[in-house]
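Observations on the model geometry
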Amino acid sequence: MRFKIKSFGKRFFAVWICLIALTPAWANDPPDSTINPVSGVIEISDTVLQAGNYNIRHIADPDTGEPVVIQIVSTNAADDLGARLTNATDGDTFVVWWRDGATDEVWLRKRSQSTSSWEDEVRVSETGTDSRNPEIVHDRSETWVAFEADDGLGGVGITVRGVYDDPNPVILLGTTTFSGDINIRMHVESGHFWISWVDDDCDVGWSEYDSTTETWSLAAYENCDGDTEGDARSRIRTEVLGP
């Protein structure tokens, strides 16, 4: 699970620790954060417990002495968990999470930088397919969400969807029967975009996006027997970017 709180200054950490202390978040759900590329505002998204129900919270901290802005962006009767966020190059904010219902679903909500308003939430996952644990990233002009989705055969599909305007079709990158933490990660670096995940105890799967053809490569696998998951992901990075 990604935890990307960065060194944004003493005031940020004071605000973050205070908020966590006042309103306990889900124990296994650390906050996510970005620095808005247009406004420079520190943005945080997390899961917060309110009257026995978990909702998604967005926090904007200007870090300039101005008030911190706290908004609840989901208020469904089911628990909303696993908040993640990213910013587009124009400063728009995208928050994604999964809803723990009869059928688990992945949902997204967008905040416009120009109007400071939130659009209605949009379901990203497919109807009737249990889906959870999303990750989100912005690459070039597209915002992408990757998440786990039951494959109907007792396994889990690693899926991705572009959601910048109207949501595009859900794309299946690979499947796994691994019962541990699949730990999907999205990587954008040096003009390359790829997704990696844990396939089993000793393999890490990955697929790279080709922006020219708008296609994903067939899933490939890097063995991590004898070293670590991190070592395998590092070798994948070298293969994608070159030595």
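Residues numbered from 1 in each chain as written. Predicted model: local features only at pLDDT ≥ 70, side-chain atom pairs only at ≥ 80, totals over all residues. Heavy atoms only, no water.

**Concerning the overall build of the chain**
The helix and strand inventory of the chain stands at 2 helices and 17 strands. Burial statistics for the chain: of 243 residues in total, 49% are counted as buried. Put simply, of all contacts in the chain between residues at least 6 apart along the chain, 42% involve residues at least 24 apart. On the chain, roughly 11500 Å² of surface is accessible, and the fraction owed to carbon and sulfur atoms is 50%. (Helix = DSSP H or I, 4+ residues; strand = E, 2+ residues; numbered from the N terminus. Buried < 20%, exposed > 50% of the residue type's maximum accessible area, 1.4 Å probe, protein only. Contact = heavy atoms within 4.5 Å. Areas by Shrake-Rupley, 256 points an atom, 1.4 Å probe, with all protein chains shown as cover.)

**A word on the packing of aromatic side chains**
Summed over all chains, the structure comprises 7 aromatic pairs. Between the aromatic rings of phenylalanine 193 and tryptophan 216, the centroid separation amounts to 5.2 Å while the plane-to-plane angle is 70 degrees, which identifies the pairing as edge-to-face. Of this pair, phenylalanine 193 sits in strand 14 (residues 192–200) while tryptophan 216 sits in strand 16 (residues 215–216), and the two are 23 residues apart along the sequence. Given the relative accessible area of 1%, phenylalanine 193 is considered buried. Overall, tryptophan 216 belongs to the buried group, its relative accessible area being 14%. (Phe/Tyr/Trp six-rings, centres within 6.5 Å; stacked < 30°, edge-to-face > 60°.)

**Overview of the side chain of asparagine 55**
Within the secondary structure layout, asparagine 55 lies in strand 3 (residues 53–61). Owing to a relative accessible area of 5%, asparagine 55 belongs among the buried residues under this scheme. Once residues lying within four places of it in the same chain are set aside, the contact partners of asparagine 55 are Asp46, Thr47, Val48, Gln50, Ile72, Ser74, Thr75, Asn76 and Asp80.

**What about the sheet that holds strand 2 (residues 42–50)?**
Either a parallel or an antiparallel arrangement is found when strands of a sheet pair, and the pairing is made through backbone hydrogen bonds. Taking strand neighbours across the sheet as the criterion, the 4 strands line up as 1-2-3-4 in an open arrangement whose pairing is antiparallel. Strands with a single pairing partner mark the edges of an open sheet, and in this sheet they are strand 1 (32–35) and strand 4 (69–72). The mean inter-strand angle of the sheet, taken between neighbouring strand axes irrespective of direction, is 25 degrees. Here strand 2 pairs with strand 3 via 9 bridges, running antiparallel. (Pairing = 2+ DSSP bridges. Axes fitted to C-alpha atoms, helices over the stretch in contact; angles between N-to-C directions.)

**Remarks on the state of the cysteines**
Taken as a whole and judged by the stated rule, the model has 0 disulfides. Unpaired in terms of disulfides, cysteine 202 finds its nearest cysteine sulfur in cysteine 224, a separation of 5.8 Å. (Disulfide = S-S within 2.5 Å.)

**Brief notes about the pairing of strand 5 (residues 79–87)**
Looking down a regular strand, the side chains alternate between one sheet face and the other. Counting buried residues along strand 5, 8 of its 9 residues qualify, which places the element largely inside the surrounding structure. Pairing of strand 5 with strand 6 (residues 93–100), which is carried by 7 bridges, proceeds in the antiparallel orientation. In the strand pairing of strand 6, leucine 81 is matched with tryptophan 98. Counted along the chain from strand 5 to the antiparallel partner strand 6, the turn is 5 residues long, and its residue glycine 91 has a positive phi close to 95 degrees.

**Some remarks on helix 2 (residues 229–241)**
In this model, helix 2 (13 residues) spans 18 Å end to end at C-alpha, consistent with the 18 Å of a helix rising 1.5 Å per residue. Considered for burial, the residues of helix 2 that qualify are Ala232, Arg233, Ile236 and Val240. Projected down its long axis, helix 2 carries its buried residues within an arc of 95 degrees, all on one side. Its buried side turned inward, helix 2 meets strand 13 (185–189), strand 14, strand 15 (203–210) and strand 17 (220–223). (Expected span 1.5 Å × (residues − 1). Arc of directions from axis to C-beta.)

**Description of the sheet that holds strand 8 (residues 122–123)**
Strand order across the open sheet formed by 4 strands is 5-6-7-8, with antiparallel pairing between neighbours. Bordering the open sheet on either side are strand 5 and strand 8, each of which pairs with just one other strand.

**Description of the side chain of glutamate 148**
Here glutamate 148 lies in strand 10 (residues 142–150). Although glutamate 148 is buried, it makes no salt bridge; arginine 132 carries the closest opposite charge, 4.6 Å away. In terms of polar contacts, glutamate 148 uses its side chain to reach the side chain of asparagine 133, at 3.2 Å. (Lys, Arg positive; Asp, Glu negative; His and termini not counted. Salt bridge = Lys/Arg side-chain N within 4 Å of Asp/Glu carboxyl O. Polar contact = N/O pair within 3.5 Å; in protein donor to acceptor, adjacent residues only side chain to side chain.)

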